[in-house]
Amino acid sequence: MNTLLQEFINESRELLEEASQAFLHLENNPDDLNILNGLFRAIHTIKGSSGLFDIAPLTNVVHAAEDVLDIVREGRLKLSPDMVDILLDSLDQVNTWLDDLEAEEKLSPDAEEISEELKTKLRGMISNVALENGQQETDTGHEAELGSNIDWLAKISEEERQLIVRQAQNLNDTLLAITYIPDEQCFFNGDDPLYTMRQIPELCWFGIETREPWPDINEFDPFTCLVQFYALTKASLEEIKELFTYVEEEVQQARISIQDLIFPQGEVGDNEPFGLFVQDATQLIDNKDWSSLLKAVDVALEVAGPDLFQASALRWLKVVLEHPSGPNESLIKNLVQAVATGIMPEGEVVEEQEENKVDYPQEEGQKDELTTKLALDILRTQQKLLQLPCPPELWTGRLLSIGEVLKRCLPFSAIEKSTEEISALIDKAQKEKSFSPLLTFINDILSSKGSTEPEPEPIRKEPEKQAPVQQETEKKPVVKPSPPVKQTIKVLKVDQKRIDVLMDLVSELVVAKNSLPFLAKRAEEVFQSRELAKELKTQYGAINRICEELQTAVMQVRMVPVSHVFQRFPRLVRDLSRKLGKKVRLIIEGEETEADKNVVEDLAEPLVHLLRNSIDHGIEPPEEREALGKPIEGEVRLRAIHLEDQVVIEISDDGRGIDPEIVKRKAYEKGLIDEEKLDQITEEEALQLIFAPGLSTAEQVSDVSGRGVGMDAVRTMVENAGGSISIKSEKGRGTVISLSLPLTMAVTRVLMIEVGGEIFGVPIESVMETVRVPANDIHLIKNKETVILRNRLIPLCRLGDVLQLSTQENARKETEEEAILVVNTGREELGLIVDKFHEGVDIILKPLEGLMAKFRIYAGATLLGDGRVLLVLNLKELVKCL
């Protein structure tokens, strides 16, 4: 599969999971903007990444979902549970398509049809908003929610603003003020902020400035974007949103009036000289004699200092009076008042910030002057670069980079140099192995333009590759290159297959390690070399320690928090409770509890069954809970804890609990227990019957539960994973079901036993104790052998008889002692009579294949250190053979 596609699938799955969680949180916290923004970013990222592939149906669905969320962010739409259902269904479908992509590298044939259906539902939510709010999809319909950070308007010079105002057809026209602050790493995302700004339609003005002073040239990273952009445009909001779709969070828009650009600037002078003008202007305004007022303005401007605030107000007054849309009386009054008082009414006076003044291209003469100035700045920078020390491996790259800068700069400035001329200089520099041609070229331009700083340093030739760069640096410590920036990788994602391969290698190492004790024994017994045997045992100790550490390290890599499974259940509980018309609150505790990845994955299906049962059977309907004096909202708690070397998962609810009498009656009716046992069975034993196949306490079968196969399947899955399950319930108070699972299934410790001359393994967690008892202590009760151990009656089973192996009957009689392995089968204790006990050993259990896979009394097999195959018993299946 294409690596990029695989990366998209993995990333999208994580984002979908994140989005699903966000939707559930959003239902309980509809006003939480952080959740909403995070949700929007997740959907936005999926949409953006999906555009790289030919999966239009998927892209269209997430695009429609993104549009819905955008309107929600703007506060024009409140998400209802039904809307969340549609959005979650859309995410589910996207997840299904990701599965198709992973399997077939293409979407299913019906993807287009499904996409259209989902899009119609999602777009329907948007159209409903327009109808409910009576809003029209026009620019002005969005204006109230736009940003308002437009302080940068003060950085536009008065001449530039007057030109925009003069070109406006009406002083009441509006413009969009755009602030674009690109991400510093935007170049690595393929973004070109300058190109994007140049695509703005109906652009009136735009400017660029640095976010902060430029860093020292030795610390300057040309691949970091340190500038921000401003623009004024007549374009519609939809056009701007479309243009900045993929960087929307980096852009702010504000709707401004043309009149927002009319404000005087400059130093406030003495008002007294303007007193007569103000007096005449006031009378002329009252008479609406605009032509006379314009003449009065011209006269006042002749005597006013051009840099004064009052002169600026007079110039604006002139612009307003001459505007083709006609005089604006209120604006004229404000400007006259500004002349009189030195303050623009409504607090619109903004001091011009000369140091931050933004240059911009306007008229041809100004443009030439500006481009020449920028070009000279660029040339001086390239001049500095040419004079810096350059390692041999970077010399060619620097030469070509500087040449490319010159090609892109000079032909478009007033300094008319052709790209052919620059290319010839680059070729010459490469032949001479020196920057001299380019440096001379730049120096000549700077000299001709009167720009002689800084003083050129000696020309540097390409350094000899044999010469250590460090020596050059030591001669001029002032220009010592900055050390490379170290990047810290906090998280490393690794394919699970690679971890599995590593685990298999560890398994092989464990098996190989186990051969050393056999080899030591052979050295001592066969070759009579005690020294060699001792040395082997010593080496075994060292290798065993390393193996254990390596095994622990690999196991830690495989450990994942149970949240990987738990995080899918809020959605399950939400959907199920809505379907059943119940109110259920899910409380999750211990999400950070870790277990082996396989164990965590095996948890998912049993927990789904248990949660469905808790909600369907356990939690009462709201009216029933209210009648019982319980909170209307039921509570289901999912809790994970570490207990010794196991992870325990508890599922509890405060529902109606389990009635043991009903369970007993159902079990009797199903024939699971006879009449005698019906009378003798305890309440605790009755509760265990719910795990029996075919038993259900539900009166009706539904698509949620009631067929009596769920709990049996749960117990089977848990036991197959090496765990156990228990239940406690109190009628009217609720039920608690506990699953105990091993932390890891990768390494198993077994006790080796010998029966009929064959060696078998028994999982150590099932072993209660090993004892030897006199044969006389074994009694027959109902023709079954039993023994009493510490006041416990233990039924016995001769393992050789079960496995049909020849036992050493005579030897047993001679010793008059039996070796008994007491094990816990999950339901009761059982004593297995064996011939001999051997040592315990760590193994990597492999499932049986082929014909042997049919023998369920064996859990699997492994290799011993001496090459023999060790079969491991499945005690739960073994008991069924008794």
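Every residue gets a number counted from 1 within its own chain, in the order that chain's sequence is written. Predicted model: local features are reported for residues with pLDDT of at least 70 only, side-chain atom pairs are reported and counted for 80 or more only, and whole-chain, interface and lining totals are derived from all residues. Working from all heavy atoms in the structure, the side-chain values ignore hydrogens and water.

### Topic: the overall build of the chain
Here is the rule we go by: Here a strand is any run of E in DSSP of at least two residues, a helix any run of H or I of at least four, and the numbering for each starts at the N terminus. In this scheme, a residue with accessible area under 20% of its type's maximum is buried, one over 50% is exposed, and one in between is partly exposed, where area comes from a 1.4 Å probe on protein chains only. Note on contacts: a residue pair is in contact if any heavy atoms of the two residues lie within 4.5 Å. Using a 1.4 Å probe, the Shrake-Rupley method yields the accessible areas, and only the shown protein chains count as cover for residues.
Across its full length, the chain carries 30 helices and 22 strands. Expressed as a percentage of the 882 residues in the chain, the buried residues total 43%. Restricting the contact set of the chain to residue pairs at least 6 apart, pairs at least 24 apart contribute 71%. About 48,500 Å² of surface is accessible on the chain, with carbon and sulfur atoms providing 50% of the total.

### So, the side chain of N443
As a reminder, the rule being used: For this analysis, a polar contact is any N or O atom pair within 3.5 Å, provided that within protein one partner can donate a hydrogen and the other can accept it, and provided that sequence-adjacent residues contribute only side-chain to side-chain pairs.
Relative to the helices and strands, N443 resides in helix α16 (residues 436–448). Overall, the relative accessible area of 18% leaves N443 in the buried class. A polar contact of 2.5 Å, which involves the side chain of N443, links it to the side chain of Q383.

### A short note on the pairing of strand β21 (residues 858–863)
Definition in use: Whether two strands pair comes down to DSSP finding at least two bridges between them.
Bridge count between β21 and strand β22 (residues 869–873): 5 bridges; the pairing is antiparallel. Residue T862 lies in a different strand from β22, and its bridge partner there is L870.

### Observations regarding a negative patch on the surface
Selection rule: Like charges are joined within 9 Å and nonpolar side chains (Val, Leu, Ile, Met, Phe, Trp, Tyr) within 5 Å, but only among residues with over 30% relative accessible area and no salt bridge; these make up the patches. Salt bridge, as used here, is a side-chain nitrogen of Lys or Arg placed within 4 Å of a carboxyl oxygen of Asp or Glu. In this charge count, Lys and Arg are treated as positive and Asp and Glu as negative; neither His nor the chain ends contribute. Every charge is mapped onto a representative atom, which is NZ of Lys, CZ of Arg, CG of Asp or CD of Glu.
Judged by side-chain charge, D674, E675, E676 and D679 come together as a negatively charged surface patch. Among the structural elements, E676 can be located in helix α25 (residues 675–680). Relative accessible area serves as the criterion here: at 52%, E676 is assigned to the exposed category.

### Concerning the sheet that holds strand β14 (residues 767–774)
Formally: The axes used here are C-alpha line fits, helices contributing only the stretch in contact, and every angle between their N-to-C directions lies in the interval 0 to 180 degrees.
Strand order in this open sheet of 6 strands is β14-β18-β19-β17-β16-β15, and the pairing throughout is mixed. For this open sheet the edge positions go to β14 and β15 (779–781), each flanked by a neighbour on one side alone. The mean angle between the axes of side-by-side strands here comes to 40 degrees, regardless of whether they run parallel or antiparallel. Pairing of β15 with strand β16 (residues 784–789) involves 3 bridges; the strand directions are antiparallel. Along β16, the bridge assignment pairs I781 with K784.

### Things to note about the pairing of strand β3 (residues 227–233)
Regular strands place side chains that alternate from one sheet face to the opposite one. Across the 7 residues of β3, 7 count as buried, placing the element largely inside the fold. As paired elements, strand β1 (residues 174–180) and β3 share 5 bridges and run antiparallel to each other. Within β3, the residue paired with A177 across the bridge is L232. Sheet topology note: the strand β2 (residues 203–210)/β3 ladder contains 7 bridges and is antiparallel. Residue pairing across strands places F206 opposite A231, the latter belonging to β3.

### Here we look at the packing of helix α9 (residues 275–286) against helix α10 (residues 290–303)
Which entries qualify depends on this criterion: Throughout, the term roughly parallel applies to angles under 35 degrees, roughly antiparallel to angles over 145, roughly perpendicular to angles from 65 to 115, and oblique to all others. Throughout, a crossing is termed right-handed when the near helix is turned clockwise from the far one, and left-handed when it is turned anticlockwise from it by less than a right angle. Side-chain classes follow a simple rule in which Ala, Val, Leu, Ile, Met, Phe, Trp, Tyr, Cys and Pro form the nonpolar group, Asp, Glu, Lys and Arg form the charged group, and the remainder, Gly included, forms the polar group.
One way to put it is that α9 packs onto α10 with a least axis distance of 9 Å and a crossing angle of 165 degrees. It follows that α9 is roughly antiparallel to α10 by the angle criterion. Crossing geometry of α9 relative to α10 is assigned as left-handed. Touching F277, A281, L284 and I285 of α9 are W290, S292, L293, A296, V297 and A300, all from α10. Per-class residue counts for the contact of α9 with α10 are 9 nonpolar, 1 polar and no charged.

### Describing the sheet that holds strand β4 (residues 251–257)
What the 4 strands build is an open sheet, ordered β2-β3-β1-β4; its pairing is antiparallel. Two strands in the sheet have a free side with no partner beyond their single neighbour: β2 and β4. Strand-to-strand twist in this sheet, taken as the mean axis angle between neighbours without regard to direction, amounts to 15 degrees.

### A word on the packing of helix α21 (residues 569–580) against helix α22 (residues 597–618)
It is the contact of α21 with α22, at a shortest axis distance of 10 Å, that shows an interaxial angle of 30 degrees. When the axes of α21 and α22 are compared, the pair comes out roughly parallel. In this structure, the crossing between α21 and α22 has a hand that is right-handed. Contacts between α21 and α22 involve F569, L572, V573, L576 and L580 on the former and, on the latter, A604, L607, V608, L611, R612, I615 and D616. Within the contact of α21 with α22, the residues separate by chemical class into 10 nonpolar, no polar and 2 charged.

### Considerations on the pattern of salt bridges
Taken as a whole, this structure holds 42 salt bridges when the rule is applied. For the salt bridge of R578 with D85, the shortest nitrogen-to-oxygen distance reads 2.7 Å. Highlighted residues: R578 in helix α21 and D85 in helix α4 (residues 81–104), separated in sequence by 493 residues. Among the ionic pairs, R637 bridges to E635, the shortest N-O distance being 2.9 Å. The structure contains a network of salt bridges with shared partners spanning D82, D85, D92, R571, R574, D575 and R578.

### Points about the environment of S577
Tracing the backbone shows S577 in helix α21. Taking relative accessible area as the criterion, S577 reaches 6% and is therefore assigned buried. In the structure, S577 is positioned 38 residues away from I615 in sequence and 7.1 Å away in space, judged by C-alpha atoms. Residue contacts for S577: discarding those within four places in its chain leaves K582 and V584. A distance of 2.7 Å separates a polar side-chain atom of S577 from the backbone oxygen of V573.

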